[in-house]
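In case you want the letters, here they are:
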Amino acid sequence: MSSTFTASTGTPRFLVVGSKGWIGGMLATMLESQGKDVTRSLARIEDRAALVAEIEKVKPTHVLNCAGVTGRPNVDWCEDNKQATVRSNVIGTLNLIDVCYLHNIHITNFATGCIYQYDATHAMHSGNGFKEEDKANFADSYYSKTKAQVELLLEEYPNVLNLRLRMPVSDELHPRNFVTKISKYERVVDIPNSNTLLHDLLPASIAMAEASLTGIFNFTNPGAISHNEVLTLFKQYVRPDFSWKNFTLEEQALVIKAGRSNCELDTTKLVAALAKLGITIPEVHEAYAQCFQRMAAGTGLKSTD
């Protein structure tokens, strides 16, 4: 079988997989608001026959995959449900991508950048972020382990745009919003990380898909921001009476089952690709300030679930 992919040149027709979820729902709504031809998938990614039937019925030019499990209330769930995690995040994802490949369909896979951990080469506060070609070095959570393994297999599929999100944030305090999570914790660690501000990056993902870009992209706002910096901005713009406490990574390890990825991703490749599409995205501190101003005003990107 030839490992080739020919991008569609006709009017885009989108199929959003995982549209009942937080990000998938926002993405489908955004496409609809833009007047795009979009269908919300009803198939489960583990069910190959259902995927084939749906794709042959809808005949999409572009599939956007937001399906998968991250665990509720957090990734610790995956530690106790490893088979279910594999079924969705490995078997299901590969199922969908392979079906798209066999039907010559471009697929955008919303993945994760939580496959890295600061190390000697990519030290905290160094500004030297992990690049797309760097090998994963974090496997202290089963969720991250499955995601890293799938990435290696996706290299064989020329029809895939793989976007690595980290700690996604929307303009409302949705339960899946990173800000919602840390604002409800009794204590938080204070470590700089790359973050994905969905107001900035979801529209960019649509443009990248329409341009039929492929390969792996670190999909975050440029730069890194610490938990304390996020919560300071949250206090400034949204909740003036908010307060929080910190604890160390060692103290955090006592109350969680799975380790947590902490890293900065290099966005040079993303920024260059978006510039060619006429898109710029704000640095993460600026993006958060804008996000919290929209949140306080009740405007901006909201979920549908």
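All values reported here derive from a predicted model rather than from experimental measurement.

Conventions adopted
- Residues numbered from 1 in each chain as written.
- Predicted model: local features only at pLDDT ≥ 70, side-chain atom pairs only at ≥ 80, totals over all residues.
- Heavy atoms only, no water.
- Helix = DSSP H or I, 4+ residues; strand = E, 2+ residues; numbered from the N terminus.
- Rg over C-alpha atoms; globule rule 2.2 N^0.38 Å.
- Buried < 20%, exposed > 50% of the residue type's maximum accessible area, 1.4 Å probe, protein only.
- Contact = heavy atoms within 4.5 Å.
- Areas by Shrake-Rupley, 256 points an atom, 1.4 Å probe, with all protein chains shown as cover.
- Lys, Arg positive; Asp, Glu negative; His and termini not counted.
- Charge placed at Lys NZ, Arg CZ, Asp CG, Glu CD.
- Disulfide = S-S within 2.5 Å.
- 1 Å grid on protein atoms, 1.4 Å probe; cavity = no way out; pocket = protein on both sides within 12 Å on 5 of 7 lines; lining within 4 Å.
- Points joined across faces, edges and corners; volume = space filled by probe spheres on them.
- Nonpolar A, V, L, I, M, F, W, Y, C, P; charged D, E, K, R; others polar.

Novice: Is there a simple way to think about the overall build of the protein chain in this case?
Specialist: On a plain count of helices and strands, the protein chain comes out with 11 helices and 8 strands. For 305 residues, the compact-globule formula gives about 19 Å, and the C-alpha radius of gyration of the protein chain, at 19 Å, lands near that figure. Taking the principal axes of the C-alpha coordinates as reference, the protein chain spans close to 55 × 40 × 35 Å. Taken over 305 residues, the protein chain has a buried fraction of 52%. Pairs at least 24 residues apart make up 80% of the contacts formed inside the protein chain by residues separated by at least 6 positions. Surface exposure of the protein chain reaches about 13,600 Å², of which carbon and sulfur atoms provide 53%. Of the side-chain charges in the protein chain, 30 are positive and 33 negative, and the distance between the mean point of each set is 5 Å.

Novice: Can you help me understand the state of the cysteines in this one?
Specialist: One way to say it: the disulfide is the covalent bond shared by the sulfur atoms of two cysteines. Tallied over the full model, the rule gives 0 disulfides. Cysteine Cys66 shares no disulfide, and the gap to the nearest cysteine sulfur, in Cys100, comes to 13 Å. Cys114 provides the cysteine sulfur closest to Cys291, a residue in no disulfide bond, and the two sulfurs are 18 Å apart.

Novice: Mind showing me how you'd approach the layout of surface pockets here?
Specialist: Space left empty within the atom packing is revealed by a probe, the size of a water molecule, rolled over the atoms. What the second largest pocket holds in volume is close to 200 Å³. The wall of the second largest pocket is formed by Ile115, Glu132, Glu133, Asp134, Lys135, Ala136, Ala148, Glu151, Leu152, Glu155, Arg164 and Ile216. Of all the elements, helix H5 (residues 142–154) adds the most residues to the lining of the second largest pocket, at 3 residues. Considered class by class, the residues forming the lining of the second largest pocket number 5 nonpolar, no polar and 7 charged.

Without other data, these values stay purely geometric and don't point to any function.
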